[in-house]
Amino acid sequence: MTFVSIAALAIAVLAPLSKSIAWGVPLTMFSWGMALRAAVGAALATFFVGAALTAVAPAHVAASTGAALGGALAMLSARRSRHLRGITLLAWRLTQPDSSLQAQRLLDAKLDKLRRRLSPQTYAQTALFASVPLSAVGAWDTAGRHLEGVSLEAVDRSTGDRTRQALATVYLQRGELEKAHQTIDAIERPAAEAIEGWLDAMEALLLAVQGGADEALERARAAGDADGALAATYDIVRAHAHACRGETSEARAALERVREATGAYGLERALRPVGPATDMARAMLGEASRSADRSATQGKGDR
């Protein structure tokens with residue numbers, strides 16, 4: 001079994017590397033657990049095939065055959081949905097403070113390469129997939145650049161509508177209100193139900209930050225059954241609209257609901273585009289930060 005064991009160890013070493021190459025992500029971005037699972041799986045496949053063949057073939061032939069099969073399985077596994085899996089890994093790394101900036105640079109470069117290699121439809125879906133984690137960490141410029149790289153004339157309507165919706169969100173967060181208007185207007189209405197709900201919310205937000213408080217509140221009332229992130233967006237709409245009308249307590253109550261539902265992330269979304277409730281949201285973020293600092297200091301004191 002010596003030859004078979006050596007072959008299994010060799011394939012175990014190569015398996016994580018094959019994933020790194022196939023996914024287009026440096027091995028340093030992999031967790032130890034991910035690398036270990038890839039190595040153990042490939043090694044076991046190689047060992048069991050090689051061990052079974054030793055009953056009917058010389059040891060070196062059995063080991064070579066086991067290595068060939070184990071290596072092939074490792075490569076096939078690595079190539080399955082390789083682009084999305086690579087982006088998913090980098091998306092996870094975006095949330096880790098020690099690797100966030102590097103992961104953002106790598107994801108940016110990876111999307112640039114994929115734009116040249118993939119079909120317009122596939123690239124659009126990939127850019128949309130990547131825009132979610134990029135938006136979550138506030139990398140609006142990176143998300144926007146790749147969404148703008150989608151050839152909207154070459155994709156189907158559903159993908160085009162989702163791309164425009166995502167772009168409108170980016171423009172809103174960057175304060176480019178005219179671009180957001182134009183992008184929403186370019187979508188044929190009514191759009192698919194899920195997209196239409198977000199378009200309505202973005203139009204209400206545009207009204208709220210540009211002085212159309214009464215109409216914005218009316219739209220928010222009409223969307224009373226919204227939930228999750230969409231409900232939080234409508235509460236941001238309400239906050240800006242009430243602040244515009246001088247209704248400070250109602251504006252703060254709306255922002256409190258945002259904070260309860262989505263935490264600091266939701267309040268950060270109320271900062272942009274700049275509107276009547278922006279200063280209030282910034283003050284609430286400051287209060288939350290100071291409270292967290294006091295709790296941390298008290299915890300250290302208790303220890």
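Quantities reported herein were computed from a predicted structural model and do not represent experimental measurements.

**Considering helix α12 (residues 228-244)**
Okay, so step 1: Over its 17 residues, α12 extends 25 Å from the first C-alpha to the last, a length consistent with the 24 Å expected when each residue adds 1.5 Å.
Okay, so step 2: Summarising burial for α12: 13 of the 17 residues are buried, a large majority.
Okay, so step 3: Count one or two residues on from α12 and you reach Gly246, which has phi positive near 80°.

**Here's the deal with the nonpolar core**
Nonpolar side chains in soluble globular proteins generally cluster together in the buried interior.
Okay, so step 1: Formed by 71 residues in total, the largest nonpolar core has its most connected members in Leu107 and Leu255.
Okay, so step 2: The biggest single contributor to this core is helix α10 (residues 193-209), with 9 residues.
Okay, so step 3: The contact partners of Leu255, leaving out residues within four places of it in the chain, are Ala239, Leu267, Ala270, Ala277, Met280, Ala281 and Met284.
Okay, so step 4: Judged by nonpolar contacts, the second largest core, of 9 residues, contains Val4, Ile11, Ala15 and Ala42.

**What about the packing of aromatic side chains?**
Okay, so step 1: Tallied over the entire structure, the rule returns 2 aromatic pairs.
Okay, so step 2: Each ring, one from Trp23 and one from Phe30, has its centre 5.4 Å from the other, and the planes form 20°; the classification is stacked.
Okay, so step 3: Of the residues examined, Trp23 reaches a relative accessible area of 5% and is grouped as buried.
Okay, so step 4: The interplanar angle of 75° and the centroid separation of 5.9 Å between the aromatic rings of Phe47 and Phe48 together place this pair among those described as edge-to-face.
Okay, so step 5: Under the relative-accessibility criterion, Phe48 is labelled exposed at 56%.

**Structural notes on the pattern of salt bridges**
Okay, so step 1: For the coordinates displayed, the defined rule picks out 21 salt bridges.
Okay, so step 2: With its nearest N and O atoms 3.3 Å apart, the salt bridge here joins Glu176 to Lys179.
Okay, so step 3: In this structure, Arg259 and Glu256 form a salt bridge, with 2.8 Å as the shortest nitrogen-oxygen distance. Taken as a pair, Arg259 and Glu256 lie in helix α13 (residues 248-262) at a separation of 3 residues, close to a single helical turn.
Okay, so step 4: Overall, Arg259 belongs to the partly exposed group, its relative accessible area being 24%.
Okay, so step 5: Residue classification places Glu256 among the partly exposed residues on the basis of a relative accessible area of 23%.

**Thoughts on a nonpolar patch on the surface**
Okay, so step 1: A surface patch of nonpolar side chains, amounting to about 370 Å² of accessible area, comprises Leu14, Leu17, Ile21 and Leu27.
Okay, so step 2: Structurally, Ile21 can be placed in helix α1 (residues 2-23).

**Side note on the side chain of Thr183**
Okay, so step 1: Structurally, Thr183 can be placed in helix α9 (residues 177-185).
Okay, so step 2: Separated by 2.7 Å, the side chain of Thr183 and the backbone oxygen of Lys179 make a polar contact.
Okay, so step 3: Aside from chain neighbours lying at most four places away, what touches Thr183 is Arg164, Leu167, Ala168 and Tyr171.

So, how was this worked out
- Residues numbered from 1 in each chain as written.
- Predicted model: local features only at pLDDT ≥ 70, side-chain atom pairs only at ≥ 80, totals over all residues.
- Heavy atoms only, no water.
- Helix = DSSP H or I, 4+ residues; strand = E, 2+ residues; numbered from the N terminus.
- Expected span 1.5 Å × (residues − 1).
- Buried < 20%, exposed > 50% of the residue type's maximum accessible area, 1.4 Å probe, protein only.
- Core = buried A, V, L, I, M, F, W, Y, C linked by side-chain atoms within 4.5 Å.
- Contact = heavy atoms within 4.5 Å.
- Phe/Tyr/Trp six-rings, centres within 6.5 Å; stacked < 30°, edge-to-face > 60°.
- Salt bridge = Lys/Arg side-chain N within 4 Å of Asp/Glu carboxyl O.
- Patch = residues over 30% accessible without salt bridge, like charges linked within 9 Å, V, L, I, M, F, W, Y side chains within 5 Å.
- Areas by Shrake-Rupley, 256 points an atom, 1.4 Å probe, with all protein chains shown as cover.
- Polar contact = N/O pair within 3.5 Å; in protein donor to acceptor, adjacent residues only side chain to side chain.

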